[in-house]
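Take a look at the letters that make up each chain.
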Amino acid sequence: MVQDTKRFISYICPHCRQSVIVERSVFSIAASPVHIKCPCGKSELRAEMLGDRVELEVPCLFCGHEHRVSCSSKAFLYQTALAFSCAASGLDCCYVGEEGPVYAATARLEQAVDKLETESAQQGAFLDELVMQEVLSEIKDIAQRGGISCACGSKEWTFRVNFSSVDLICKKCGAEMRIPAATADDIDDICCKTNLVIRGKR
Ligand SMILES: [Zn+2]
Ligand SMILES: [Zn+2]
Ligand SMILES: [Zn+2]
């Protein structure tokens, strides 16, 4: 007999930076794909059991991308604690396991995020300095051509530089858009854009 134990799954939302921790029973994980939405509604973690493996899609705070990771179903359902990490930054982006270890690991990750944010703000330390410079200069180019606006109609905006991303913020309605600045792909992505539209908050 398999016992219906509880599993805890956590990640940090790349949009609102809150940690999201949910509880799922082993039976429910086995029965249907898991969708974990952040209360802000802007990110979602997905996990699906496919035979003896579980595939996950994890939104990543550090590089702004979604990571596809997988592990054995046995580990996903029964291991005390599992950590999945971001390929670009090497930092953890998702935990699965028992209640205590998952909450503890998530709390440590929150602290690491705070530290990174403070350090990058103070010293201009980025995940990849070159990528950040390129992305910032592309944003500047687009801005000079008047290509940055908000869905609310405003053309007044400001920005915030993070460890591995840049947030464009509408001065009128406060809507935000995150532009990843972690890998060379992020430079390619923004290079081919002629305008950027900050979408309204809701
Ligand atoms: Zn969120
Ligand atoms: Zn990542
Ligand atoms: Zn706006």
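Please refer to the structure placed before this passage.
Residues numbered from 1 in each chain as written. Chains lettered and ligands numbered in written order. Predicted model: local features only at pLDDT ≥ 70, side-chain atom pairs only at ≥ 80, totals over all residues. Heavy atoms only, no water.

1. Overview of the overall build of the protein
Quick reminder of the rule: By definition, any uninterrupted DSSP run of H or I lasting at least four residues is a helix, any uninterrupted run of E lasting at least two residues is a strand, and each is numbered from the N terminus. Between buried and exposed lies partly exposed: a residue is buried under 20% and exposed over 50% of the maximum accessible area for its type, with that area taken using a 1.4 Å probe on protein chains only. By the convention used here, residues are in contact when the closest approach between their heavy atoms is within 4.5 Å. Reported accessibility uses the Shrake-Rupley method at a 1.4 Å probe radius. Residues are deemed covered only where the shown protein chains occlude them. Charged-residue counts in this description rest on Lys and Arg as positive and Asp and Glu as negative, His and the chain ends being excluded. Charge positions come from single atoms, namely NZ of Lys, CZ of Arg, CG of Asp or CD of Glu.
Helix and strand counts for the protein stand at five helices and 13 strands. Expressed as a percentage of its 202 residues, the buried residues of the protein come to 41%. Nonlocal contacts in the protein, meaning residues at least 24 apart in sequence, comprise 47% of its contacts between residues at least 6 apart. Of the roughly 10,700 Å² of accessible surface on the protein, a fraction of 49% belongs to carbon and sulfur atoms. On the protein, the mean spot of the 23 positive side-chain charges and the mean spot of the 27 negative ones are 6 Å from each other.

2. Re the sheet that holds strand E12 (residues 176-180)
Note the cut-off: Two strands qualify as a pair provided that DSSP identifies no fewer than 2 bridges between them. In this analysis an axis means a line fitted to C-alpha atoms, helices contributing only their contacting stretch, and an angle means the value between N-to-C directions, from 0 to 180 degrees.
Spatially, E10-E11-E12 is the arrangement adopted by the three strands of the open sheet, whose pairing is antiparallel. Taken across any chain shown, the strands that pair with only one partner, and hence form the sheet edges, are strand E10 (157-161) and E12. Strand-to-strand, the axes of this sheet are offset by a mean angle of 20°, without reference to chain direction. The sheet contact formed by strand E11 (residues 165-170) and E12 spans five bridges and is antiparallel. Paired with Asp167 across the two strands is Arg178, which belongs to E12.

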